[in-house]
Structure formats: C-alpha cells, structure tokens
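Single-letter residue listing:
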Amino acid sequence: MITARAAATFEPVGRSVATARSFVRDTLQGWGYADIIDDAVVLTSELVTNAVVHAGTSAEVLCLRGEDHVRIEVSDRYPEREIPLQSSAISMGSPDREGGRGLQLCAALAGRWGVDYSATHKQVWFQIDLPARSVGTRAAGPVLPTDLLPLADERVRVAVVQIDKTGAITAWNEDAEHLFGYAADHVTGKPLTDLAAWPHTPGTSTGIADALQLSRWEGSYGIRSASGRVAPVYASHLRVRDTDGDPSTVCLLVRDHERAVLQTPLRLPTPDSGAHPDSQGTDPFEIFIGSPAPDDLDGLLQRTVERARDMLDADSAFLLLATDDETELEVRASTGLPSARQRFARVPVEVGPGRYGSARMPAVHEDLTQVPGAVPLLNGTGMRSVVTVPLKVEGRLTGSLGVAAEAPDRYSNEEALRLQFAADRIAMAVESARLGELEKLRRGSLSFLVEASDLLAGTLDRDQTLALMAQMTVPTLATWCAVYMIADQSSEPYLSYVLHEDEDRIDGLKALLSKIAPPEPVPTPGARIWAAPAEAAHQAALRTSMRSLGLGEPASVSSGIGTTLATASAVGGETVVLPLVARNRVIGMITLGKPTDEHFRQEILELAEDLSRRAALALDNARLYSERMAISQSLQRSLLPPELPHVPGVEVEVIYRAAGEGNEVGGDFYDLFPIRDGAYGFAIGDVCGTGPEAAAVTGLARHALRLLAREGFGGPAVLERLNAAILDEGARSRFLTLLYGELWPQEDGSAVLKMVCAGHPLPLRLRQNGTVEPFAEPQPLLGVMDDLELYEQTMTLDPGDVLLCVTDGITERREGTRMLGDDGLAEVLSGCTGLTAGAVAARIMRAVERFAADAPSDDMAILTMRVPGLQHD
C-alpha cells in the first residue's frame, strides 16, 4: 500500500543531479526515514546521471512510501538503449566503464530493483526496506542531573501555526495567541512573512518563504509580537498535503530558550561503526554540518553555530568573521543570544593582554564574572563559561567560533580541542562562501552606484533629486529613510523628505520624526548611531498600549493604536545618520533605519556613505542651478517692460517665449512706452548671443531708447546714439538688430508711424483685403560701424490694418532643411483678416510651434498692433 508520494522532473543539465539528490534527501527526511537517506541518495545520483548526462534526456524522479519500504523510480526518454541482463554481472557492465554502474549499485544496495520499458520511457526503480525499529524508541539521551536539564517556563507553550500553499496563515492555536499577543481572527489570512523577522542578508540568504517550501525545516528566527518587539523562537516546519492534494506547512514554535522541546538530536555515527574524524569514508565536515551544506554563507554560518552549541551541550553559540585587515571581528551568526541585536556588531580581535585576550588563539574561560569584558559579545547575556577557537585558512585569521553556557566551569581544554577540530573542518568552506558573498556584494554595489550616479546626474531639480535619493535607498539599503536639509550655516536642519518601503507607514513615520529634534549636523564622514527615533517610537507605543488598557488617557481613535504600534515596529531597529557634505559644507543629513531589532552590516553602511557623497553633490548642484535660474529669470524680467501702456485707438498684443527653460538671459526684447502726449515709442530687438554680456546690451538698449526718445530725439538720432553706446562697451559689445518706431493715433481712426528698421526682420502690414506687404526698408544693424546714416520712414495704418513685428526666432523656425522664413510668415498672416491683435499674435505663435516637432532653440517675440478704426454708437 502506498501511503505517500513525491515527484519531480529535472532538465538534462549537469546541475540537475545535485538538485535530484537534494529532492530525495528532503523527501525522505520529511517522511522521517533518515536511516536510508544515504543509500537512496547514492542510487538516485547514479540513475539521474545516466539519464541527464549520458542519455541526454530529462529525468523524472518519483518517491513512493509504503508500509515497510520506500520505492524510488527514475524515468528517462531513451528507451532504445540495450536491456541489461541480470544473469551475470558482466552483462551489466564493468566497474571501469563510463556508464552502467547505477545498475550495479542497485544490485548491491537495494532490496529489490528493476527496469521497465514503454514506447517512450525507460524506468529504473529500486526499493529499500525500512529497518526495524524498537517500539517507542526513536532517539534517546543520557540521564542528566536535574540542574543540567534545559530551563523552561512553568508551562511550556507550543504554538501550532498552519500555512497554506500561498504562505497565508490558516490556523493559529491558543498557545500562539499567548506567545505573540495576536488573536486568531487577527492573523488568519495574513502572510507569515508579515510577522516573521527572518535573519536575512540582501541578495544572498534564504528567506522564510523558501523555508516553507522545504519538506522539513528546523531552526531559529523571530516573530514580531503585538507589542512591537521580536520574540525569538525555535521552529520545526513539516510540509504536508490534504486529501485533495493541496500542500500546506505545519509550524511548531516555542520560545528560543525552550528549543529542547522541538530540536532534533544531532545524528552522529554509531559507536560500532568505527567512525573517527580521520577514518576513511567519513567526511568530518558532513558529520559536523550535515549534508548537504548550505550554498549561502548565512545558512552555513547559522547551521555551524547550532551544531557547535549542540556538540558541546551549550546554551548559546556565536560565529564572527574577520574584517579584511584582521583588526575586528563582525558577528555574523548566533544562537541562544539576542541575535538580532548582536548581528553585524563588531569587536576587536585583540581585546586584552595575553593569549586569552586574542581571537587568534583558542581560549577557555571558566567563569566570565571573574574576568569582566573578556568576551564583549557576551556582556549582559548571563553566560558564565565560554570556549572560543579561531577559524584560520593558510595561517590567516578568518573568524572565530565560540560556545557559552550559563553555568560556570562547564568547559575545559578537551572541549576546546573538539571545537577547534570542527572549526578547522569548516574554515575553508566558510572562507569560500564569504569570498563569494563579498564578490557578489561588490558587483552589486558597483552596479548600484553606477545606476545611482546616472539617475542623480540626470536631473537638476532639487525635489526630484531628494525623491531619487530616497527611492534608491529604500528598500535596497534600508527599510526607511528621512532626509534633513540645512538652508544655510545659521539655520537648523529641517525634515525635508520621508520614505518607507510600506507606503501606509510614511505618514506615521513623518509624524513621529517631526516631534523629535533633528540629528546634530556633524561634518565627520561615516555613519553614526541615532537613538532618538527608536526611543520616541517605543515611548509612543507604550503610551498607546497603556491607553488601550485603560491605564492612561483614553485613545481618541481606536485605529490609532495599531498605527502607533506599527510605527514603533518600523522604527524600532538601528537608525544611522550620514552627513550630506558638498563643497566643504554640510547641506543636510540622510537618516537610514531598520525595523525592530535589526542592524546594518558594515558593507551596507559603506555603500550608503558612497551614495550620500554623490547625493550631496547632486543636491548642491540642484541648489546652485535653482539659484542661477532664479537670478536669470529675475534679470530677464528686468529687461522687459513690467506692463504695456494703454494706447487710445490701437490694439496692442505681445507674446514672448524664452528658450532654454529660463536658464539664459539676453536674447530678444520688446518695449512700448509713452513719449509725450499723443505719441508712443515702440521697439523690438534681438541681441546677438546670450548670457551676461548680451543681457548688458539688452538692458542698455531698452533704457537708452526710453531716455533718448523722451529727450525729443527722432528715430535716427536715437539709434545712432545707441549704436555709439554699444560700441563703447568694447569687448562686451554685441550686434543688435532693432526695429524702432513712434506711433501717433489719429482722430479719424488711423495711426501714423515713423520707423527705422536696423538689420531687423521687416515688419509686415496686413490689410483688410488680406494682402500682406513689408512696412519698412532694411537698414544696417547696430554695434558694427561707427558712422551710421539712418533714416526713418513715415507710414499710415488705416482702420482695420494690422502691423506684425517679430524677431528672427519666428522666421528662422526650422524642421530639418525647411525654414518658415518671411514668405511662410506672410502666408500665415494673410489668413488672419478680421482678427483682433491678440488673436493674430496667438495664431502666429501656434503656427510657428506646429511648424517643427522640436522645442524652439531661440527666443521668440511677437508684437502686433491693430487699428480698429472709430467706434460709433
């Protein structure tokens, strides 16, 4: 009778062999058949190798559990191969042959085996009988004195949580409610990942979602309780499926210090097997770590400390890795300790005189109370006795492994030798995994900084730069971030931008940070700890919890309780501040934070420091650009008249469009001003070039025109004196094209104009019959010759006529090789008969903008005047 089955298909690639081995191992481990795992894995490995490597087809592996045996079937799609005969060993192949050994191993290790063929498949199967087990005995430990038994609370509570195939909680028992503070109806349907505080390194570690997919998993992590704190737990996961075939995971959870309730005893070689760490056929690494070893560094380190603790029957264990200069050790894994608080903390390699103060030598401390501070990591943890040993590769210190107990005098040199032997076996694997992780982090950091530099360099807008900086930080480097800016040296920092990876928590985080004093702006490079947010969040959560229990002021809104607790959880971890320094001035600070009991690792802080330098320069560039643009726009406005006067009997409209988003001044200008009673002066001009020099000529021209005209000079005299003034500017002088005229509205509804067109595009007159004609003659531009002989032309605008004056940004509008030109402008103007001055200007500008798809590259100015004629009642 088949009581359980598991199946998987593997692609015809070499790595599938290792994947198949892991599949079979996990399946049998989940069924509780650790006794036959080794034989089953060896046979599966050979048969899958034959399929995916030699036959070159995909392999299907099916595990079947019977009442007294396990049957494993390996199928491939190569049925044409010869049928092996079982009459003799020779027919099955020689051991020296490349293929065929899988069948020989089946004959040697399996109780039964065989080969089945179909039209499309070949299936090799083997069956391993389950060993007889004594009733009631699976694993047993020695009889221990009462004072050495594991410490537990008065009542041991085992939380039973069931997770469906989507990762959502479907069952939550009373012990889970007591341990973590959540009622069942509050968490049912939510993902376990919302509650689990999984020890995780970005980009390298296995997450809780991956662990829930394994057939069986056992280890430590944390659960975020309703109080906002993380409760360390020891968990045992078992993946099952219901009668409909839907998989789910049953999780048993106890307090971490009560792990003995759930923990599986370490499986070591039996005494009669003759196994010894140096004996043939036994891998000491597998004996200590288990097989297979984790592929990622965090998994390897966590399994190492758990095995070290179990091997010496300790209360806790820890593993530290050395920095590149071997001057400090960084805590990377621990068990039985507040691991979330200690993770990535650093301690010096040399902590005191003598061999006992150096991590480079093994050390045994019988009682830490006699040598306070000998092991800084254990300060305040209650541990009394400890043994530490170095991890060395080719004589170089790469780390330190230690175990500790709450009772004194627990360890001697014998335990130190055992632990050193284990450390020597894992040192190379740890170093290899560490280098792999370091290389991956460096590649990721380089890619991250390149992308960050490109994004920051792509904008000169301050607000957009702030948003980009925060979005690049969260969630890659931190869970949340806040940016403080400093307006000037005499100003206090102010909160400028807040971002959290959970958008629902941004408002609560911003409210919390706004109530506490900002961090001190210190120019010293590097990250520094800022405890104020975590303390403020904890106090706010405490006050809210007391109100909810009726111990304080009543809560005004019940939902605020959850918001405060969520904010406390989000901000309750480590918070660091990095200065934003640009051009030797602190312009702000960026604050990075982690949720409850989480710490930053050194590589992340170094990456954040690199980002802060780039972001500070980008922010300062945005500030300088904004200041320059404000100055440019203010200067540009000063070069144009603030408002146009009312001219009786004449409609006047002006449209001015500056190119370059306001970051340049100079260019085109216009003016319309009263000269004396009944006379008005008007001008439209274009200075060659842009920038301060062009702006100087522009300002000179506009103000000189007004002054000279009001002094009674005629048009030629005004322009001749302006030409002399421009030439007096010397190297700062610029060419200037200018149309200047004087306007006299007449009683009969017409208007008399006197104009001088000095190198400027000719004005156009639109008659009521739709004809368009130039309304002046061209003369030399200003700023070139000393002696100019200019003359003015007198013309009359009849009622209904329109005078159009433009700069060359209008006529020189281009689309590829096409240019609008004077003829194109005249054609557009001819269709404006009967329109007001404002409508004519708007239609001209719309036609110019539509002429080309690209944005204009030159300033554009349009001045229209229309004589509507006499109005009769």
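It should be noted that the structure appears before, not after, this text.
The numbering scheme is per chain: residues are counted from 1 as the chain's sequence reads. In keeping with the predicted nature of the model, local features appear solely for residues at pLDDT of at least 70, side-chain atom pairs appear and are counted solely at 80 or more, and the whole-chain, interface and lining totals rest on all residues. Each side-chain value is worked out from all heavy atoms of the structure, with water and hydrogens disregarded.

Trainee: I would appreciate a short explanation of the overall build of the protein chain in the present structure.
Mentor: In terms of regular secondary structure, the protein chain is built from 20 helices and 35 strands. The rule is simple: take the accessible area with a 1.4 Å probe, protein chains only, and divide by the maximum for that residue type; under 20% is buried, over 50% is exposed, in between is partly exposed. Within the protein chain, the fraction of its 873 residues that count as buried is 48%. Per-residue accessibility takes into account occlusion by the displayed protein chains alone, with areas from the Shrake-Rupley method and a 1.4 Å probe. With the model as given, the accessible surface of the protein chain reaches about 42,400 Å², and the carbon-plus-sulfur share is 51%. Each helix is a run of H or I in the DSSP string that is no shorter than four residues. Each strand is a run of E no shorter than two, and both are numbered from the N terminus.

Trainee: Help me understand the sheet that holds strand β7 (residues 169-172), please; the structure alone is not making it clear to me.
Mentor: Backbone hydrogen bonds hold the strands of a sheet together, and the pairing may be parallel or antiparallel. Spatially, the 6 strands line up as an open sheet ordered β7-β6-β11-β10-β9-β8, and their pairing is antiparallel. Looking along the sheet, the strands with just one partner apiece sit at the ends: β7 and β8 (196-197). When strand β6 (residues 159-164) meets strand β11 (residues 247-255), the two strands line up antiparallel, connected through 6 bridges. Note that in β11 the partner of Q162 across the bridge is V250. Strand pairing requires that DSSP identify at least two bridges connecting the strands.

Trainee: Help me understand a nonpolar patch on the surface in this model?
Mentor: A grouping of F735, V784 and M785 is seen on the molecular surface, where their side chains present a nonpolar patch of about 270 Å² in accessible area. Note on placement: V784 falls in the loop between β30 (778-779) and β31 (793-797). Taking the relative accessible area as the measure of exposure, V784 reaches 43% and is therefore partly exposed. Without a salt bridge and with relative accessible area above 30%, a residue can belong to a patch; like charges are then joined within 9 Å and nonpolar side chains (Val, Leu, Ile, Met, Phe, Trp, Tyr) within 5 Å. What makes a salt bridge here is a side-chain nitrogen of Lys or Arg within 4 Å of a carboxyl oxygen of Asp or Glu, nothing more.

Trainee: What is the right way to look at the packing of aromatic side chains in this model?
Mentor: Two measures describe an aromatic ring pair: the distance that separates the ring centres and the angle between the ring planes. Classification of ring pairs uses Phe, Tyr and Trp, with its six-membered ring standing for Trp, and accepts pairs whose centres are within 6.5 Å; under 30 degrees between planes counts as stacked, over 60 as edge-to-face, and the remaining range as tilted. Under the definition given, this model contains 4 aromatic pairs. Pairing Y484 with W530 gives two aromatic rings, centres 6.1 Å apart and planes at 80°, and the pair type is edge-to-face. Taken together, the residues span a long stretch of sequence, with Y484 in strand β18 (residues 480-485) and W530 in the loop between β20 (528-529) and α13 (532-548) at a distance of 46 residues. Given a relative accessible area of 2%, Y484 falls into the buried group. Judged by relative accessible area, W530 falls into the buried class, the value being 10%.

Trainee: I'm lost on the environment of A861 in this one. Help?
Mentor: For A861, the location among the structural elements is in strand β35 (residues 860-866). A861 sits in the buried class, given a relative accessible area of 1%. Note: C-alpha distance between A861 and Y670 (191 residues apart in sequence) is 7.5 Å. Other than its neighbours up to four places away in sequence, A861 contacts I655, Y656, D668, I684, C805, V806, T807 and I810. When checking whether two residues touch, look at their non-hydrogen atoms; a contact exists if any pair is within 4.5 Å.

Trainee: Can you help me understand the environment of G759 in this one?
Mentor: Mapped onto the elements of the fold, G759 is located in the loop between β27 (751-758) and β28 (764-766). Considering only alpha carbons, one finds G759 and G685, 74 residues apart in sequence, at a separation of 9.5 Å. In this structure, G759 is in contact with T737, Q779, P780 and L781, ignoring residues within four places of it in sequence.

Trainee: Quick question: what am I supposed to make of the packing of helix α19 (residues 821-830) against helix α20 (residues 837-851) here?
Mentor: Between two packed helices, what matters for the description is the angle formed by their axes and the separation of those axes. Under this scheme, a helix contributes an axis fitted over its contacting stretch, all axes are lines through C-alpha atoms, and angles between N-to-C directions fall in the 0 to 180 degree range. It is the contact of α19 with α20, at a shortest axis distance of 10 Å, that shows an interaxial angle of 135°. Taken together, the axis directions place α19 and α20 in an arrangement best described as oblique. Two packed elements cross with a definite hand, and for α19 against α20 that hand is right-handed. Touching L825, V828 and L829 of α19 are V840, R843, I844 and A847, all from α20. The nonpolar class holds Ala, Val, Leu, Ile, Met, Phe, Trp, Tyr, Cys and Pro. Asp, Glu, Lys and Arg form the charged class, and all remaining residues, Gly among them, are polar. For the contact of α19 with α20, the class distribution of residues is 6 nonpolar, no polar and 1 charged. Note on terminology: angles under 35 degrees are roughly parallel, angles over 145 are roughly antiparallel, angles of 65 to 115 are roughly perpendicular, and the others are oblique. In this scheme, a crossing is called left-handed if the near helix is turned counterclockwise away from the far one by less than a right angle; it is called right-handed if the turn is clockwise.

Trainee: So what exactly am I meant to see when it comes to the sheet that holds strand β21 (residues 575-582) here?
Mentor: The strand order across the open sheet built from 5 strands is β19-β18-β22-β21-β20, with neighbouring strands paired in antiparallel fashion. Pairing within the sheet leaves two strands with one partner each, and these edge strands are β19 (494-500) and β20. Relative to strand β22 (residues 585-593), β21 runs antiparallel, the two sharing 8 bridges. By the bridge assignment for β22, V581 is matched with V586. Sheet strands in contact with helix α12 (residues 506-514) are β18 and β19, and its direction is about 150° off that of β19. Sitting on the sheet, helix α15 (residues 602-638) touches β18, β21 and β22, and the angle it makes with β21 is about 40°.

Trainee: Explanation requested: helix α1 (residues 15-31) in the structure shown.
Mentor: One turn of the α-helix equals 3.6 residues, which is why residues spaced by three or four share an orientation. Here the expected length of a helix is defined as 1.5 Å per residue gap, with one fewer gap than residues. Look at α1: 25 Å from first C-alpha to last across 17 residues, which is about the 24 Å you get at 1.5 Å a residue. When α1 is considered as a whole, its buried residues turn out to be S16, V17, A20, F23, V24, R25, T27, L28, G30 and W31. Residues of α1 that are buried sit in contact with β1 (4-10), α2 (37-54), β2 (59-65), β3 (69-76), β9 (216-224) and β10 (230-241). Downstream of α1 by a residue or two, G32 has a phi angle that is positive, lying close to 85°.

Trainee: Looking at this structure, I do not really get unusual backbone geometry. What am I missing?
Mentor: Outside of glycine, negative phi angles account for most residues, and trans bonds account for most peptide bonds. Looking along the chain, the bond that leaves V474 and enters P475 is cis, with omega of 0°. Within the secondary structure, P475 is located in the loop between α11 (462-473) and β18. With a phi close to 55°, D409 is a non-glycine residue in the positive phi region. Residue classification places D409 among the exposed positions, given a relative accessible area of 58%. You will see that N584, though not glycine, has its phi angle at about 60°, which is positive. Relative to the helices and strands, N584 is located in the loop between β21 and β22.

Trainee: Looking at this structure, how should I read the pattern of salt bridges?
Mentor: Side chains that carry opposite charge are capable of pairing whenever their charged atoms lie near each other. One pass over the full model with this rule turns up 27 salt bridges. A salt bridge links R71 to E73; its shortest N-O distance comes to 2.7 Å. Relative accessible area serves as the criterion here: at 19%, R71 is assigned to the buried category. In this structure, R657 engages E849 in a salt bridge whose closest nitrogen and oxygen atoms are separated by 2.4 Å. Of this pair, R657 sits in strand β23 (residues 651-657) while E849 sits in helix α20, and the two are 192 residues apart along the sequence. In this structure, a network of salt bridges that share partners links the residues R583, R585, D620, R623 and E627.

Trainee: Can you walk me through the pairing of β7 in this structure?
Mentor: Look at any regular strand and the pattern is simple: side chains alternate between the two faces of the sheet. With 3 bridges joining them, β6 and β7 adopt antiparallel strand pairing. Considered in β7, the bridge of V161 is made with W172. Here β6 folds back onto β7, and the loop between the two strands holds 4 residues, one of which, G167, carries a positive phi near 90°.

Trainee: Is there a simple way to think about α19 in this case?
Mentor: When α19 is considered as a whole, its buried residues turn out to be G821, G824, L825 and L829. Each buried residue of α19 lies within a common arc of 135° when the element is viewed along its axis, so the set occupies one face. Facing away from the buried side of α19 by more than 90 degrees, the exposed set consists of D822, D823 and E827. At its buried positions, α19 is contacted by β28, β29 (772-774), β32 (802-806), α18 (808-811), β34 (818-819) and α20. Regarding the arc, it is the one traced by the directions from the helix axis to the C-beta atoms.

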